[in-house]
Amino acid sequence: MSEAMIPISTNTLHHRALLFDLSKPVTMSPEMFDEAWLYVDSVYTKLQSELLQAQGTVRVQKHECRLRKSKKSSTTQDGNANKVIKRRHTSIREQGLCHVRIKVSRPVDGTAVTIERLDDHTHTHDIEESFQIKKPSILVNSIKAETAKNYSASQIFHALRGVGTFEGSARLGEIGGASLTRYFRNEYRPPPPPTP
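**Q** How should the nonpolar core be read in this particular structure?
**A** Within soluble globular proteins, side chains that are nonpolar generally end up buried alongside one another. One finds Leu19, Phe33, Val40, Tyr44, Ile102 and Ile115 to be the most contacted residues of the largest nonpolar core, which totals 22 residues. Only helix H2 (10-21), strand S1 (26-28), helix H3 (30-37), strand S5 (101-107), strand S6 (113-117) and helix H4 (127-133) provide two or more residues apiece to this core. If sequence neighbours within four positions are ignored, Phe33 has contacts with Leu19, Met28, Val104, Arg106, Val113 and Ile115. With 12 residues, the next largest nonpolar core counts Leu13, Tyr39, Ile156 and Leu180 among its residues.

Following this line, the structure appears as structure tokens:
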């Protein structure tokens, strides 16, 4: 099941490593970027909305490492008039653990995508530490597709692991699921259908 669900090419893993390290600017086709970004998107979070630059010919999106965490965590306010009900319970993570910021430039004509660091900082952690905080989209999308078929969390977990085979476990680790457990949070489950 894992082979059919999540085919991973060595080229994609190579590009994922490039997008994480970014020791120098990387240029790739838009198709390759869109494929490889699904494996590393959980490492980064958007800094701002997309901008048009160079007289509207280049779309630029800036990201920061999720461990940099420049945005302030929300808190529940005290007092009856200003009481805020938080949608979910979260833990407050420490800020400033990593200082990597990147820029993704896409020409409007769609010829190539350039990814580069905004400064000289390097990651202070490995990619697996980022995956423990948030799973990459390729893994989350695969889990959501299987939960829609009403498989239990345990069945999905064992299928992703290749039912205990080394190849299945290695594949799950490659896509960011090394810290995945048999118990998924509710965000992977589709919402129930509305009642009439």
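**Q** Could you clarify how one ought to interpret the confidence of the model for the protein in this entry?
**A** Any region with low pLDDT has predicted coordinates that should not be read closely. The predicted model of the protein averages 77 in pLDDT, with 70% of residues at 70 or higher. Throughout residues 1-5 the model reports pLDDT below 50, and contacts reaching past four residues in sequence, or to other chains, amount to 11 contacts.

**Q** Would you mind showing me how to read the side chain of Glu128 here?
**A** With respect to the element layout, Glu128 can be found in helix H4. Buried charge without a salt bridge: Glu128, with Lys135 as the nearest opposite-charge side chain at an N-O distance of 5.8 Å. With residues up to four places along the chain from it excluded, the contact list for Glu128 reads Gly173, Ala178 and Ser179.

**Q** I keep staring at the packing of aromatic side chains and nothing clicks. Help me out?
**A** One pair of aromatic rings is described through two measures. These are the centre distance and the angle between the planes. For the structure on display, the rule yields two aromatic pairs. Taking 5.8 Å as the distance between ring centres and 10° as the angle between the ring planes, the aromatic pair formed by Trp37 and Tyr44 counts as stacked. Classification of Trp37 by relative accessible area gives buried; the value is 15%. Judged by relative accessible area, which is 3%, Tyr44 ranks as buried. Ring pairs connect the aromatic residues Phe33, Trp37 and Tyr44, which therefore count as one cluster.

**Q** I tried to follow the state of the cysteines on my own but got confused; where do I start?
**A** Taken as a whole and judged by the stated rule, the model has zero disulfides. With no disulfide of its own, Cys65 lies 3.7 Å from the sulfur of Cys98, the closest cysteine sulfur. Given the relative accessible area of 0%, Cys65 is considered buried. Judged by relative accessible area, which is 0%, Cys98 ranks as buried.

**Q** I tried to follow unusual backbone geometry on my own but got confused; where do I start?
**A** Excluding glycine, a negative phi dihedral is what most residues carry, and trans is how most peptide bonds are arranged. Positive phi outside glycine occurs at Leu22, with the angle close to 45°. Despite not being glycine, Gln55 has its phi angle at roughly 55°, a positive value. Along the polypeptide, Gln55 turns up in the loop between strand S3 (51-53) and strand S4 (58-65).

**Q** It is not clear to me how the side chain of Ser105 should be interpreted in this structure. Could you clarify?
**A** Structurally, the position occupied by Ser105 is in strand S5. Residue Ser105 is classed as buried on the basis of its relative accessible area of 12%. The contacts of Ser105, once residues within four sequence positions are left out, are Val58, Arg59, Val60, Ala112, Val113 and Thr114.

**Q** Just to check I follow, could you spell out the pairing of S4 for this structure?
**A** A regular strand places its side chains so that they alternate between the two faces of the sheet. Among the eight residues that make up S4, six are buried, leaving the element largely enclosed by the rest of the structure. In this sheet, S4 lies alongside strand S2 (residues 44-46) in antiparallel orientation, the contact comprising three bridges. Note that in S4 the partner of Lys46 across the bridge is His63. Counting the residues between successive antiparallel strands, the hairpin from S3 to S4 contains four residues, one of them, Ala54, with a positive phi of roughly 55°.

**Q** Honestly, the pattern of salt bridges in this entry has me stumped. Any pointers?
**A** Side chains that carry opposite charge are capable of pairing whenever their charged atoms lie near each other. Tallied over the entire structure, the rule returns five salt bridges. Between Glu50 and Arg59 there is a salt bridge, and its shortest N-O distance comes to 3.5 Å. Glu50 sits in the partly exposed class, given a relative accessible area of 43%. What makes Arg59 partly exposed here is its relative accessible area of 30%.

About the cut-offs
- Residues numbered from 1 in each chain as written.
- Predicted model: local features only at pLDDT ≥ 70, side-chain atom pairs only at ≥ 80, totals over all residues.
- Heavy atoms only, no water.
- Core = buried A, V, L, I, M, F, W, Y, C linked by side-chain atoms within 4.5 Å.
- Buried < 20%, exposed > 50% of the residue type's maximum accessible area, 1.4 Å probe, protein only.
- Helix = DSSP H or I, 4+ residues; strand = E, 2+ residues; numbered from the N terminus.
- Contact = heavy atoms within 4.5 Å.
- pLDDT = per-residue confidence, 0-100.
- Lys, Arg positive; Asp, Glu negative; His and termini not counted.
- Salt bridge = Lys/Arg side-chain N within 4 Å of Asp/Glu carboxyl O.
- Phe/Tyr/Trp six-rings, centres within 6.5 Å; stacked < 30°, edge-to-face > 60°.
- Disulfide = S-S within 2.5 Å.
- Pairing = 2+ DSSP bridges.

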